[in-house]
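Commentary on secondary and tertiary structure
The residues making up each chain are set out below.
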Amino acid sequence: MPQHVVPFSDEQLRVAINLRTAYEAWIEVEREAGALPYGMAWKTISGRDYLYELRDRAGNGRSLGVRSEETEALHASYREHKETLKRRREGAAAQLQQNGRLWRALRLPMMASEPAPILREADRRRMLGSQLLVVGTNAVLAYALEAGGGIAGLADETRDFDMAWVAREPVESDRPVADLLKAVDPTFTMNTERNFQARNSKAYEVELLAAPSVMASLPRRDMPRPIPLPEQEWLLWGRFVESFLVARDGSAVRMVVPDPRWFALHKLWLSRQGKRDTLKRGKDARQGEILLAVARDALPLHPLDAEWEAQIPEELRPDWDAWKAKGL
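**Structural notes on the side chain of K267**
By the secondary structure assignment, K267 is in helix 6 (residues 260-271). If sequence neighbours within four positions are ignored, K267 has contacts with G136, R276, D284, A285, Q287 and G288.

**Things to note about the pattern of salt bridges**
All chains considered together, the criterion is met by 26 salt bridges. Across the pair R14 and E11 runs a salt bridge, and its minimum N-O distance is 2.6 Å. Residue R14 and its partner E11 are located together in helix 1 (residues 10-35), separated by 3 residues, close to a single helical turn. Judged by its relative accessible area of 35%, E11 falls in the partly exposed class. For R124, the salt bridge is made with E30, and the minimal N-O distance between the two is 3.1 Å. Here the residue R124 occupies a position in helix 3 (residues 115-124), and E30 occupies one in helix 1, the gap between them amounting to 94 residues.

**Considering the sheet that holds strand 9 (residues 189-190)**
Spatial ordering of the open sheet is given by 6-8-11-10-9, a layout of 5 strands whose pairing is mixed. Because the sheet does not close on itself, it has two edges, and the strands there are strand 6 (132-135) and strand 9. One ladder, built from 4 bridges, connects strand 6 with strand 8 (residues 161-165); its direction is antiparallel. In the strand pairing of strand 8, V134 is matched with M163.

**Considerations on the sheet that holds strand 3 (residues 48-54)**
Spatially, 2-3-4 is the arrangement adopted by the 3 strands of the open sheet, whose pairing is antiparallel. A strand with exactly one partner marks an edge of an open sheet, and here the two such strands are strand 2 (39-45) and strand 4 (61-66). Pairs of neighbouring strands in the sheet enclose a mean axial angle of 35°, with direction left out of account. Taken together, the 7 bridges between strand 2 and strand 3 define a ladder with antiparallel strand orientation. Bridge pairing in strand 3 places W42 opposite L51. Docked against the sheet, helix 2 (residues 69-105) engages strand 2, strand 3 and strand 4, running at close to 145° with respect to strand 2.

**Concerning the environment of V256**
Mapped onto the fold, V256 is located in strand 13 (residues 252-257). Overall, V256 belongs to the buried group, its relative accessible area being 5%. Residues V256 and V134, 122 residues apart in the sequence, show an inter-C-alpha distance of 6.0 Å. The residues touching V256, leaving out its near neighbours within four places in the chain, are L128, G129, L133, V134, F240, V241 and E242.

**Topic: the layout of surface pockets**
Approximately 740 Å³ is the volume found for the largest pocket. Contributing to the lining of the largest pocket are 26 residues, with D162, E207, L209, R276 and K280 lying nearest its centre. Contributing elements (two or more residues each) for the lining of the largest pocket: strand 11 (205-210), helix 6 and helix 7 (278-298). A per-element tally of the lining of the largest pocket places helix 6 first, with 5 residues.

**Re the nonpolar core**
Counting 98 residues, the largest nonpolar core has W103, I118, W165, M255, L265 and L292 as the members making the most contacts within it. Counting residues per element, this core draws most heavily on helix 1, which supplies 9 residues. Excluding residues within four positions of it along the chain, M255 makes contact with M111, L119, V134, N138, L141, A142, V241, E242, S243 and L245.

Cut-offs applied
Residues numbered from 1 in each chain as written. Predicted model: local features only at pLDDT ≥ 70, side-chain atom pairs only at ≥ 80, totals over all residues. Heavy atoms only, no water. Helix = DSSP H or I, 4+ residues; strand = E, 2+ residues; numbered from the N terminus. Contact = heavy atoms within 4.5 Å. Salt bridge = Lys/Arg side-chain N within 4 Å of Asp/Glu carboxyl O. Buried < 20%, exposed > 50% of the residue type's maximum accessible area, 1.4 Å probe, protein only. Pairing = 2+ DSSP bridges. Axes fitted to C-alpha atoms, helices over the stretch in contact; angles between N-to-C directions. 1 Å grid on protein atoms, 1.4 Å probe; cavity = no way out; pocket = protein on both sides within 12 Å on 5 of 7 lines; lining within 4 Å. Points joined across faces, edges and corners; volume = space filled by probe spheres on them. Core = buried A, V, L, I, M, F, W, Y, C linked by side-chain atoms within 4.5 Å.

And the structure:
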């Protein structure tokens, strides 16, 4: 095993595999439940009963017709389906919680608790990987799990949470990211001094980044509003990494993060930028150097081969050449 990767035990690997299975079962039933109407109820209007499909607890909705054999059967089917889903949700949640306890007991890598509900809500909405990537230091956890061990020498947690907008095509919602954040915590608002950042009442910050090539697909009314950064283009390249893990509060999450090779070179490039905070530049350099070594030694789906090397743009060539020269 490479020197930068501390290998997981067989038991840790087993729990990691089981967590993915449990999470996939849970998110399937969550999405199915989310597709159901909020409720169905009978309303009496002018002496006649009508079946209403409700969209909120205030009773707003639409009529499905007067009481009849057909609407009676529709109501009964809805109630039966809802009860079945309730039992499935409870079972899936219990299994996921059990996996979370085992994860914690075995000291597998854990992420901060604050991003966890954001990631789960994004996954319910099918936004992970198609509209949003997890970027920044949190991505290191996904690379560790992909490599089958902890990555020595790398910080894997920060106070804020960085995401990148990656959708190539227009989306249906006119406020996809704002709606996501508000569903998790209605106190999220855009930071008027830094429009690319949202902040909640507990001062937890979520930053949204974007490459120029995807800005057209981000609705104008959405918040936060990222500043298009050319260097974000590199994080759209290659093969994304999908990972399942547990937060410190014991809840499970799914992450989708950039290709580790481009993430690493992006970090090395950042470490050379004079406008970058000095403390962050040192961390960027360590992350980039170690992750390239991890990709080389422990990530066979992300090889540092001639085919990949030929794609490296001129802006990143100095970082790649310097890393190779160090022989890490």
